[in-house]
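Working through the structure, step by step
Here is what each chain is made of, one letter per residue.
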Amino acid sequence: MAPSNIAVDNILVRLAEYGEDLCPAGKIVRLGHPARMKIKTLARQTTNKKSTKKIEKLIDLTKYSFDARLEQSEQKQLADDIQEEINDKKTTWRDRKQLYSDLRDRENRAREEIINSAEIVLSTTTSVLFGHQNNGKTETKQKNFDLVIIDEASQCVEIAALQSVICAKRLVLAGDHQQLPPTILSHEAAEKGMQNTLLERAVTYFGDEVHKLLNVQYRMHQKIMKWSNKKFYHDLVKSDVSCKDSSKENLPTISFVDTANCDFYEEQNEVGSYSNKFEAEIIRIQIEKLMNEFNFSKDEIGVITPYSAQTKLVKSILKNDSLTAAAAVSEQEEVKTKVLEVSTVD
């Protein structure tokens, strides 16, 4: 489970990569509305149980959805037959009343059979209580899971996580309570504890008794992580060997360009996104320096900006300067380079 549909779909994609032989669709069910699911993905999928070879393949994720499984259910087909009888004008009011009761029973049985037959159930934390509510009463029995894992637990508000706890024999919270808390739009609610997480509470109350630190990082150069490692992790995190040395000689690992008091004014467009042409020009200069002095190719450079307006501006400048392939990140677009993988936030 996870607080967002994107996080749940990312887990589903990883499972789907194992293929039907290793991870059959009949044993996995993804709860939630199909409109909020990722429909298809291009993934490296194993060919069979005996082979470790993987091939690029477009995977249809809808077959894992609860709705797809429901349509194939025998109980659902029986429920459809009952619905036809209800719609028949010849059916009496008394019979129709009984048929409605039978219909709810069949639909609830279908839900229970799908959930109980699945070995892995994927869901957001708000969809986990899949019992059908009718006049405040749960008509579908709540399933108890042997193990519940909440991914991105540091982004999950406590009340949402507790919905998962009540159906778990064992619970694993995966996340980092030292990173940003959940986004709470109401300042009053945040001040009164809404932004607190179950992960943070568990670490505070139980400490090392329940807390396991993954102490090897693979994301950034060891010099970049030095400050955060000292500030938040007491220098306990180590860097993988792949993060220790740069392949480019004399290349600074990290450098800052201070634009304070430079009169680099921002501009806001009609949809509220910001851009800054002066900072965009600095980006162009830095990219040229990386390419000319350190022999970086265009597909090795990534540019991150939180605003879509700035993205468009940077792209236009790079295009005019024949640096189009340098990776400026656009809205809702993922960019992968040898250095980073990012997406914008607005």
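Scroll up a little and you will see the structure.
All figures in this text were calculated on a predicted structure; none of them were measured in a lab.

Brief notes about the nonpolar core
- Grouped together as the largest cluster of nonpolar side chains are 23 residues, with contacts concentrated most on Val29, Leu31, Phe66, Val121 and Phe145.
- Formed by 14 residues, the second largest nonpolar core is a distinct cluster that contains Val13, Ala16, Ala25 and Leu61.

Description of the side chain of Ser275
- With respect to the helices and strands, Ser275 occurs in strand E12 (residues 274-275).
- Residues in contact with Ser275, not counting those within four places in the same chain, are Tyr265, Glu266, Glu267, Ala309, Gln310 and Leu313.

Here's the deal with helix H5 (residues 93-117)
- Here H5 is 25 residues long and its end C-alpha atoms lie 36 Å apart, about the 36 Å a rise of 1.5 Å per residue gives.
- For H5, every residue scored as buried is listed here: Leu99, Leu103, Asn108, Ala110, Arg111, Ile114 and Ile115.
- Close packing links the buried residues of H5 with strand E1 (28-30), helix H3 (66-71), helix H4 (74-87) and strand E4 (120-122).

Some remarks on the packing of helix H10 (residues 277-293) against helix H11 (residues 308-320)
- Relative to each other, H10 and H11 sit at 45 degrees, their axes nearing to 10 Å. Relative to H11, the element H10 lies oblique. Pair H10 / H11 crosses with right-handed handedness. Contact with H10, carried on its side by Lys277, Glu279, Ala280, Glu281, Ile283, Arg284 and Ile287, involves Gln310, Leu313, Val314, Ile317 and Leu318 of H11 and no other residues of that element.
- Here the contact of H10 with H11 is built from residues that sort into 7 nonpolar, 1 polar and 4 charged.

What counts and what doesn't
- Residues numbered from 1 in each chain as written.
- Predicted model: local features only at pLDDT ≥ 70, side-chain atom pairs only at ≥ 80, totals over all residues.
- Heavy atoms only, no water.
- Core = buried A, V, L, I, M, F, W, Y, C linked by side-chain atoms within 4.5 Å.
- Buried < 20%, exposed > 50% of the residue type's maximum accessible area, 1.4 Å probe, protein only.
- Helix = DSSP H or I, 4+ residues; strand = E, 2+ residues; numbered from the N terminus.
- Contact = heavy atoms within 4.5 Å.
- Expected span 1.5 Å × (residues − 1).
- Axes fitted to C-alpha atoms, helices over the stretch in contact; angles between N-to-C directions.
- Parallel < 35°, antiparallel > 145°, perpendicular 65-115°, else oblique.
- Left-handed = near helix turned anticlockwise from the far one by under 90°.
- Nonpolar A, V, L, I, M, F, W, Y, C, P; charged D, E, K, R; others polar.

That's the geometry; what it means functionally is another story.
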